[in-house]
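Below are the chains, spelled out letter by letter.
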Amino acid sequence: MLKLSSISLIALAAATPAFAETTAGNSDRGDIVVTASGIEQPRDEVGQAITTIDADTIETRQTIDIADLLATTPGVRFNRNGGTGSVAGISLRGAETTQTLVLIDGVKVNDPSGIGDGYDFGHLLTGNIDRIEVLRGSNSVVHGSQAIGGVVSLMTTTPVEGFAANASAEYGYRDTVNAKADVSGTAGAISGAIGGAYFRTDGISSVAVGTEKDGYKNFAGNARLKVAFSDALSLDLRGYYINADLDYDSFFGAPADSGDVAKLDQYVGYAGLNIGLFDGNFTSRAAVTWMRNERQYFFVRGTAPDYGYSGTNLRFEYQGVVTPAPQAKLIFGYEHERPDYDFFGFGSTDSQQANIDSFYALGIVQPLTGLSLSGGVRHDDHSQFGGATTFGANANYSPNRGATNIRLSYGEGFKAPSLYQLYDSFSGNAALRPERSKSYDVGIDQNLADGRALISLTAFLRNTGDQINYDNATFTYGNIDRTRAKGVEATLALRPIDALNVTASYSYIDARDRSGRPAFDGKRLPRRAAHAVSLSADYDWSFGLSTGATITMVGDSFDNAANNVRLDGYALAGLRASFPVGDHFEIYGRVDNLFDADYATAAGYGTYGRAAYGGVRARF
């Protein structure tokens, strides 16, 4: 097993460059974040911990799964039930995976048909994604339900001036094919982008002791269109689609191969109108968003589905931003959300829905040079459990024009009970209350050597109450859990010369049960390793070759709440390279899990061993 002590990892973080809050080499957009307040903000106005991953980093890393990419950022833990396409969850700062809010192009995509409204990252690949923001810490004032652990916001390609086209195709281990293409451009008042990605693999057995291969196919498409009728009025349309087909092993008891199949269709849509008045000092955005997840499960491929779920979330959003002075902004809004789910199978059907109305207000002021203060309040009214009010505030202070930034943040979060937890005919409990959290963090960011180095340190604490879990005493869901998570995150980015970019991250998370139940109180929360560290280095050689490597180390954890099923820690290493061929083409390749490590992120499930891939890119 891999033993990682806090002393050794902190030493590593101090001695080697760590993953920066802004990845070195980011475009100008890297200094602008959206997830903190719901509008574009300079990073030095934000008191919360946010990591951005830009398009250059996504391309350089050559990573297929979004979950694997997120695992290299501080405060993130993930688990997956098998290979690519298998069910995967992302935990932020030790929170439940169902307490991570996920946005794709601004649309909330958490699944209302899931047991806890969680988002399955297994089908989310990097092919269509251009930028990722990860906000760590509770932030329900801006984002509403589920933002207890934090927010993962993913954005597809935005239109460029003129015209641009990109394409790539690769082939590798287990007959894997990965291809994508996108085009974007602007002509006068109209701009747009469209893209598609295809992935298929023979895969590995999703059960660790299995011998059959569990294959996977995934197609994802994205499109956006913006029409600027004038400088003050524009229409914004966005769409995203995933179609997936997965072979997997379903087992109860001893792990074994099976012939189970899961199919998914996910639809995401956004239609918004943007209006600017009084020279832009009063802006409004009104939008309708829609998300639908359709999941079907088959015991045997080629037969009718044995059971399935569909979850839909229709939302109306209004957001207003008033700028009475250059040093002040007031953000306010109203949202109406109607999640619903349908189930069929085993001789029964079920349909449920709820309505949530939300009002919020957030103020941002800069009373002194270098000081930015934010604070807000939100009230959500749920058709079943009633109201929930949350508060949040943060500060960012720089005494030296951005060379040093001191951050403070307090955030409250809540998570509404899922429709399944409320209304399931066997285990539902209509008396459930929302989960509630209070989150605190303090941090410092220090730029050195004229911006060639950035060090960031953050300490955090989160208390969560009324957490929902299955109650074995009543055989229904109940507000029976309390949890506490505390820890530190150390990050640093270093670019000593233009050709070398080194990034890494370390995080320590102590996430424990505080429910008072004798069998679980004081135990570590499952699948949340205390220690994790990641180190990446990329070098651009003078003759065009680019080479890089990533090392990720994760400490021991437990697979269950009783802490009697151990998951050993592991270390993974990967190598990558690319080389341009002319002005428009590039060949590239990588080796994942270089030393063929045998590891697991979920007990009983398989993971990839050493695997090699190669491909070609084109840009126009």
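Note that the coordinates shown come from a computational prediction; the quantities given were computed from them, not determined experimentally.

Q: Break down the overall build of the protein for me, with residues and values.
A: Scanning the protein from terminus to terminus reveals five helices and 34 strands. The C-alpha radius of gyration computed for the protein amounts to 23 Å, which stays within 12% of the reference 25 Å derived for 620 residues, consistent with globular compactness. Taking the principal axes of its C-alpha atoms as reference, the protein extends roughly 60 × 60 × 50 Å. Across the 620 residues that make up the protein, the buried fraction comes to 53%. Carbon and sulfur atoms provide 59% of the accessible area of the protein, an area that totals close to 25000 Å². For the protein, the distance from the average position of its 52 positive side-chain charges to the average position of its 69 negative side-chain charges is 4 Å.

Q: Account for unusual backbone geometry, naming residues and giving values.
A: Even without being glycine, Arg-401 reaches a positive phi, approximately 55°. With respect to the helices and strands, Arg-401 occurs in the loop between β22 (386-397) and β23 (404-415). Since its relative accessible area comes to 86%, Arg-401 is described here as exposed. Notably, Asp-596 is not glycine yet its phi reads approximately 55°, a positive angle. When you line up the elements, Asp-596 lands in the loop between β33 (585-592) and β34 (611-619). Since its relative accessible area comes to 41%, Asp-596 is described here as partly exposed.

Q: So what's going on with the pairing of strand β3 (residues 49-53)? Residues and values would help.
A: Of all five residues making up β3, five are buried, and the element is well covered by its neighbours. Every second residue of β3 is oriented toward a common face, with Ala-49, Thr-51 and Ile-53 on one face and Ile-50 and Thr-52 on the other, all of them buried. As paired strands, β3 and strand β8 (residues 129-136) are joined by five bridges and run antiparallel to one another. Within the sheet, the bridge partner assigned to Thr-51 lies in β8 and is Val-134.

Q: Tell me about the pattern of salt bridges, residues and numbers included.
A: Applying the stated criterion to the full structure yields 38 salt bridges. One salt bridge in this structure joins Asp-236 and Arg-238, with 2.6 Å as the shortest N-O distance. We note a salt bridge from Arg-452 to Asp-498, for which the minimum N-O separation is 2.8 Å. Separated by 46 residues along the polypeptide, Arg-452 in the loop between β24 (435-448) and β25 (453-471) and Asp-498 in the loop between β26 (476-494) and β27 (500-513) bring together distant segments of the chain. Looking at Arg-452, the relative accessible area reads 32%, which means it is partly exposed. For Asp-498, a relative accessible area of 56% corresponds to the exposed category. Residues joined by salt bridges that share partners form a network here, namely Lys-108, Arg-285, Arg-315, Glu-317, Glu-335, Glu-337, Arg-378 and Asp-380.

Q: A description of a nonpolar patch on the surface should follow, citing residues and the corresponding values.
A: A cluster of nonpolar side chains, Trp-541, Phe-543, Phe-579, Val-581, Phe-585, Ile-587, Val-616 and Phe-620, forms an exposed patch at the surface whose accessible area comes to about 760 Å². At the level of secondary structure, the elements contributing two or more residues to the nonpolar patch comprise β32 (570-581) and β33. You can see Val-616 is positioned in strand β34.

Q: I'd love a proper account of the nonpolar core, names of residues and values included.
A: Counting residues in hydrophobic clusters, the biggest one holds 55 residues, and the most contacted among them are Leu-70, Phe-121, Leu-124, Ile-132 and Leu-154. The element that contributes the greatest number of residues to this core is strand β14 (residues 233-248), accounting for five residues. Each residue touching Leu-70, except ones within four places of it in the same chain, is listed here: Ile-53, Val-76, Ile-90, Phe-121, Ile-132, Val-134 and Val-152. Ranked by size, the runner-up nonpolar core spans nine residues in total, among them Ala-36, Val-46, Leu-101 and Val-151.

Q: Please provide a residue-by-residue account of the confidence of the model for the protein, values included.
A: Looking at the protein as a whole, the pLDDT averages 93, with 95% of positions reaching at least 70. The low-confidence segment residues 3-30, where pLDDT is below 50, has 88 contacts with residues more than four positions distant or belonging to other chains.

Q: Can you explain the sheet that holds β3? Please cite residues and give values.
A: Taken together, five strands build an open sheet; the order of strands is β3-β8-β9-β6-β7 and the sheet is mixed. Each of the sheet's edge strands pairs with one partner strand only, and the pair in question is β3 and β7 (107-108).

Q: Quick rundown of the environment of Ser-230? Include the residues and the values.
A: For Ser-230, the location among the structural elements is in the loop between β13 (216-228) and β14. Assessed through its relative accessible area of 38%, Ser-230 is described here as partly exposed. Along the sequence, Ser-230 and Ile-275 sit 45 residues apart, while their C-alpha atoms lie 9.5 Å from each other.

Q: Describe the environment of Asp-441, and please don't skip the residues or the numbers.
A: Mapped onto the secondary structure, Asp-441 falls in strand β24. It is 9.5 Å that separates the C-alpha atoms of Asp-441 and Arg-136, two residues lying 305 residues apart in sequence. Those residues in contact with Asp-441, other than ones at most four positions away along the chain, are Gly-47, Arg-93, Arg-136, Arg-407, Leu-408, Ser-409, Thr-458, Ala-459 and Phe-460. Within the local environment of Asp-441, its side chain forms a polar contact with the side chain of Arg-93, the two groups lying 3.2 Å apart.

Q: Explain the side chain of Asp-117 to me, using residue names and the numbers behind them.
A: If you trace the backbone, Asp-117 turns up in the loop between β7 and β8. Here Asp-117 occupies a buried position and makes no salt bridge, while the nearest side chain of opposite charge, Lys-415, is found at 4.9 Å. In this view, Asp-117 contacts Asn-110, Asp-111, Pro-112, Gln-146, Ala-416, Ser-418 and Leu-419; residues no more than four positions away in its chain are not counted.

Conventions adopted
Residues numbered from 1 in each chain as written. Predicted model: local features only at pLDDT ≥ 70, side-chain atom pairs only at ≥ 80, totals over all residues. Heavy atoms only, no water. Helix = DSSP H or I, 4+ residues; strand = E, 2+ residues; numbered from the N terminus. Rg over C-alpha atoms; globule rule 2.2 N^0.38 Å. Buried < 20%, exposed > 50% of the residue type's maximum accessible area, 1.4 Å probe, protein only. Areas by Shrake-Rupley, 256 points an atom, 1.4 Å probe, with all protein chains shown as cover. Lys, Arg positive; Asp, Glu negative; His and termini not counted. Charge placed at Lys NZ, Arg CZ, Asp CG, Glu CD. Pairing = 2+ DSSP bridges. Salt bridge = Lys/Arg side-chain N within 4 Å of Asp/Glu carboxyl O. Patch = residues over 30% accessible without salt bridge, like charges linked within 9 Å, V, L, I, M, F, W, Y side chains within 5 Å. Core = buried A, V, L, I, M, F, W, Y, C linked by side-chain atoms within 4.5 Å. Contact = heavy atoms within 4.5 Å. pLDDT = per-residue confidence, 0-100. Polar contact = N/O pair within 3.5 Å; in protein donor to acceptor, adjacent residues only side chain to side chain.

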